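# Structure assessment
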Amino acid sequence: GGGWFFHGKTPTSAEPFIGGSEYAGVVRQVGPKVKRLKVGDVVCGVQDIAMSKSAGTWAEQTLAPESHVIRIPDGCDITFMEAAASAMAVLLSGDMYQRAKLDEVSLKRCLVVGASGGLGTFLMKLLQRHKNVNVVAVCSGKHSDKMKRLGATEVVDYAHSPFEEQLKDQDSFDVVFDFVGGTDVEYGGRKVLKRGGKFITGVGPRKAIGDRVLSCSEWYGWAFGLLWRIVRGCFVGHAYEMAGAMPPVKEDDFIRTVVDTGARPEIALEVSWEEDALREAIRKVASRHTGGKFVINMEPNGGGDERVGE
């Protein structure tokens, strides 16, 4: 999905397309100019497949620039599956969390739209650490128990009616986190935000932006629409912020967001490196009702659940 420039040339049998961007594993080889990493280091990261056209990660091995690789500290209590699902969560959910600037003193109300997905569940775990933050989750009702386990004080099922209608008689929110995108969520968010609050989106004004390649005009329309909303936020009583950045993930951000907090991605499905299993997993991801992260286990013996360093 995304703009036309996010995509490389048409794949051929000689140069096939390799999907995937997140990974975790062990360094097998390093180049002659590599200084920070060594063979045997346990690492993870997210490839810059858009701008740098880095190699995909749905393969037994991948190639990454040293500066893009996160070395997982010795003694970190994390599995390879969790590490593989962490980098994008740091890049987006971690940035959304930092932008909210939540303290440990004043009482805050936060609304998470799209809370049950792979990135939403990670943000829920970060918010769960704050005893002074009241979190309301918007998602499918079937994920209600999971959301309450992750700290939600209330779960709003979007299938019943627009979330702003269900919340109209409640106190307004300091922060609205948006993992869905589109004008409907933006409109609803404005309705329930306090004056001076923040609407923080990881998607922007176009819903399901990753479903297909956008034309040049469509992409520029999305970009200028986003810019207009950010500027307008200076005058309408609440801020509009677009979170996330292009890869790579900074190692310091990984340490701060994953290692120091103890937050781990919610793994909804682990699939083996087999065609039928992969096809089914991709269909579920496309449904946008995953309930967490999907991870491909490249180990033929089904490893990957062992702790890093074991």
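Let me begin by describing the structure that accompanies this report. (Residues numbered from 1 in each chain as written. Predicted model: local features only at pLDDT ≥ 70, side-chain atom pairs only at ≥ 80, totals over all residues. Heavy atoms only, no water.)

Note: most peptide bonds trans; most residues except glycine with negative phi. In this structure, the amide linkage connecting Pro-247 to the following residue, Pro-248, adopts the cis form with an omega of 15°. Relative to the assigned elements, Pro-248 resides in the loop between β11 (239-242) and α8 (251-259). A positive phi angle, near 50°, is found at Lys-101, a position not held by glycine. In this fold, Lys-101 is placed in the loop between α2 (87-100) and β5 (108-113). (Helix = DSSP H or I, 4+ residues; strand = E, 2+ residues; numbered from the N terminus.)

When a strand is regular, its side chains alternate between the sheet's two faces. Within strand β3 (residues 42-46), 5 of the 5 residues are buried, which leaves the element mostly enclosed by the surrounding structure. Burial of β3 is two-sided: the residues Val-42, Cys-44 and Val-46 facing one way and the residues Val-43 and Gly-45 facing the other way are all buried. Judged from the 5 bridges that link them, strand β2 (residues 22-26) and β3 form a sheet pairing that is antiparallel. Each bridged residue has a counterpart across the sheet, and for Ala-24 the counterpart in β3 is Cys-44. Summarising the sheet, β3 and strand β4 (residues 70-71) pair through 2 bridges and their orientation is antiparallel. In the sheet register, Cys-44 faces β4, and the bridge partner there is Ile-70. (Buried < 20%, exposed > 50% of the residue type's maximum accessible area, 1.4 Å probe, protein only. Pairing = 2+ DSSP bridges.)

Moving on, we come to the sheet that holds β4. The strand order across the open sheet built from 3 strands is β2-β3-β4, with neighbouring strands paired in antiparallel fashion. Two strands bound the open sheet, and with one partner strand each, they are β2 and β4. Of the strands in this sheet, β2 and β3 are in contact with α2, which crosses β3 at around 50°. (Contact = heavy atoms within 4.5 Å. Axes fitted to C-alpha atoms, helices over the stretch in contact; angles between N-to-C directions.)

Counting residues in hydrophobic clusters, the biggest one holds 43 residues, and the most contacted among them are Ile-72, Val-112, Met-124, Leu-127, Met-147 and Phe-177. With 8 residues, the top contributor of residues to this core is α2. Residue contacts for Phe-177: discarding those within four places in its chain leaves Met-96, Tyr-97, Ala-100, Cys-110, Leu-111, Val-112, Val-113, Leu-123, Leu-127 and Ile-200. (Core = buried A, V, L, I, M, F, W, Y, C linked by side-chain atoms within 4.5 Å.)

So, about the sheet that holds strand β9 (residues 193-201). Across the sheet, 6 strands lie side by side as β7-β6-β5-β8-β9-β11; this open sheet has parallel pairing. On the outer flanks of this sheet lie β7 (154-157) and β11, each paired with one strand and no other. With strand direction ignored, the average angle separating the axes of adjacent strands in the sheet is 20°.

For the rest of this paragraph, the subject is the packing of α2 against helix α3 (residues 118-128). Where α2 meets α3, the axes come as close as 9 Å, and the angle between the chain directions of the two elements is 50°. Judged on the interaxial angle alone, α3 and α2 are oblique. The element α2 and its partner α3 pack so that their crossing is right-handed. Judged by residue contacts, Met-88, Ala-89, Leu-92, Ser-93, Gly-94 and Tyr-97 of α2 engage Leu-119, Phe-122, Leu-123, Leu-126 and Leu-127 from α3. Split by residue class, the contact of α2 with α3 holds 9 nonpolar, 2 polar and no charged. (Parallel < 35°, antiparallel > 145°, perpendicular 65-115°, else oblique. Left-handed = near helix turned anticlockwise from the far one by under 90°. Nonpolar A, V, L, I, M, F, W, Y, C, P; charged D, E, K, R; others polar.)

To continue, consider the pattern of salt bridges. As enumerated under the stated definition, the model contains 19 salt bridges in all. Between Lys-293 and Glu-22 there is a salt bridge; the shortest N-O distance is 2.8 Å. Taken as a pair, Lys-293 in strand β13 (residues 293-297) and Glu-22 in strand β2 lie far apart in primary sequence, 271 residues in all. The salt bridge partner of Lys-194 is Asp-174, with a shortest N-O separation of 3.3 Å. Pair noted here: Lys-194 is in strand β9 and Asp-174 is in strand β8 (residues 173-178), with a separation of 20 residues, a long-range link. (Salt bridge = Lys/Arg side-chain N within 4 Å of Asp/Glu carboxyl O.)

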